[in-house]
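# Reading the structure
Chain by chain, the residues run as shown.
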Amino acid sequence: MRVLVVEDSSRLQRTLGLALRKSGYAVDAATDGEEGLWLAESHDYDVIVLDVMLPNRDGLSLLAELRRKNRATHVLLLTARDTVADRVAGLGAGADDYLVKPFALEELLARVAALCRRAYGTKQPRLAVGDLEIDPAARRASRAGRALDLTAREYLLLVYLTRRRGQVISRAEIEEHIYDEHVDPLSNVVDSAVCSLRKKLAAANDAPLIHTRRGLGYVIDAEPATVPAP
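This paragraph deals with the sheet that holds strand S6 (residues 127-129). Strand order across the open sheet formed by four strands is S6-S7-S8-S9, with antiparallel pairing between neighbours. Two strands lie at the open edges of the sheet, namely S6 and strand S9 (146-147), each paired on one side alone. Where strand S8 (residues 140-143) meets S9, two bridges bridge the pair, whose relative direction is antiparallel. Each bridged residue has a counterpart across the sheet, and for Ser 142 the counterpart in S9 is Ala 147. Across the sheet, helix H6 (residues 152-163) lies against S6, strand S7 (132-135) and S8, angled at about 110° from S7, the strand it touches most. Those strands touched by helix H8 (residues 189-204) are S7, S8 and S9, and its axis lies near 55° from that of S8.

Spelled out as structure tokens, the structure:
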């Protein structure tokens with residue numbers, strides 16, 4: 001999953017970025033409202049962590065602009081203000097959740113994870129496809145009862161495919177959701193990650209779970225998905 005952090009405190013921005021990356025997210029960051037708005041409009045993020053007090057453009061103005069343009073990305077507001085009026089203003093501007101500073105990193109990570117689940121239309125904390133089981137809270141995956149030893153990127157890819165079970169997902173969509181802006185767009189990182197993930201899934205059970213749809217992308221399902229003839 002890909003997260004945008006818009007926070008003008010360089011120290012807090014680094015802390016949040018490190019914590020999110022350790023939890024398996026791809027992370028982009030902005031230090032002011034204008035840069036944050038540009039990034040939010042340029043990429044399809046799963047969650048935006050947005051500070052209210054920002055230089056150049058404040059967080060509520062940024063959020064209102066996104067909603068005006070029908071950008072439905074889930075937004076977690078960060079603020080030092082804890083009055084009812086402040087919370088009402090944030091939620092009224094289109095925020096999906098609200099976290100008051102100072103906060104525990106564990107709570108922020110839990111709220112981001114919950115927003116990611118909402119982004120894919122599920123409230124279930126665990127994911128499953130056939131004999132594949134994923135526990136996002138513990139960041140563990142197993143197949144046929146055998147634990148899978150996955151890299152952070154492989155785990156992200158598996159979760160993203162599983163959240164969209166049965167849907168054919170293009171390479172461009174995968175790049176957009178699990179890689180940050182530093183990835184070379186001409187590289188074959190997606191194909192390489194899929195190949196590596198398939199091998200690890202096959203080591204537990206050789207029945208294929210990830211299927212290639214030539215010219216379209218990849219789909220995960222216990223049974224091969226069919227694509228209608230043109």
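Of all five residues making up strand S1 (residues 2-6), five are buried, and the element is well covered by its neighbours. Residues of S1 alternate between two faces, with Arg 2, Leu 4 and Val 6 on one and Val 3 and Val 5 on the opposite face, all of them buried. Where S1 meets strand S2 (residues 26-30), five bridges bridge the pair, whose relative direction is parallel. Its bridge partner lying in S2, Leu 4 is registered against Asp 28. Handedness of the crossover joining S1 and S2 through helix H1 (residues 10-22): right-handed. Examined bridge by bridge, S1 and strand S3 (residues 47-51) share four bridges and lie parallel to one another. Paired with Val 6 across the strands is Leu 50, a residue of S3.

Scoring rules and cut-offs
For every chain, the first residue of the written sequence is number 1, and numbering continues from 1 along that sequence. With the structure being a predicted model, the display of local features is reserved for residues of pLDDT at least 70 and the display and counting of side-chain atom pairs for 80 or more, all residues being used for whole-chain, interface and lining totals. Based on all heavy atoms of the structure, the side-chain values leave hydrogens and waters out of the count. Strand pairing is assigned whenever DSSP identifies at least 2 bridges connecting the two strands. By the criteria applied, helices consist of DSSP H or I runs no shorter than four residues and strands consist of E runs no shorter than two, each listed in order from the N terminus. By definition in these notes, contact holds between two residues if any of their heavy atoms fall within 4.5 Å. All axes here are fitted lines through C-alpha atoms, helices being fitted over the stretch that makes contact, and every angle between N-to-C directions spans 0 to 180 degrees. Working definition: with a 1.4 Å probe on protein chains only, accessible area under 20% of the residue-type maximum means buried, over 50% means exposed, and in between means partly exposed. Crossovers are described as right-handed under a simple rule: with the strands pointing away from the observer, the path leading from the first strand over the helix to the second runs clockwise.

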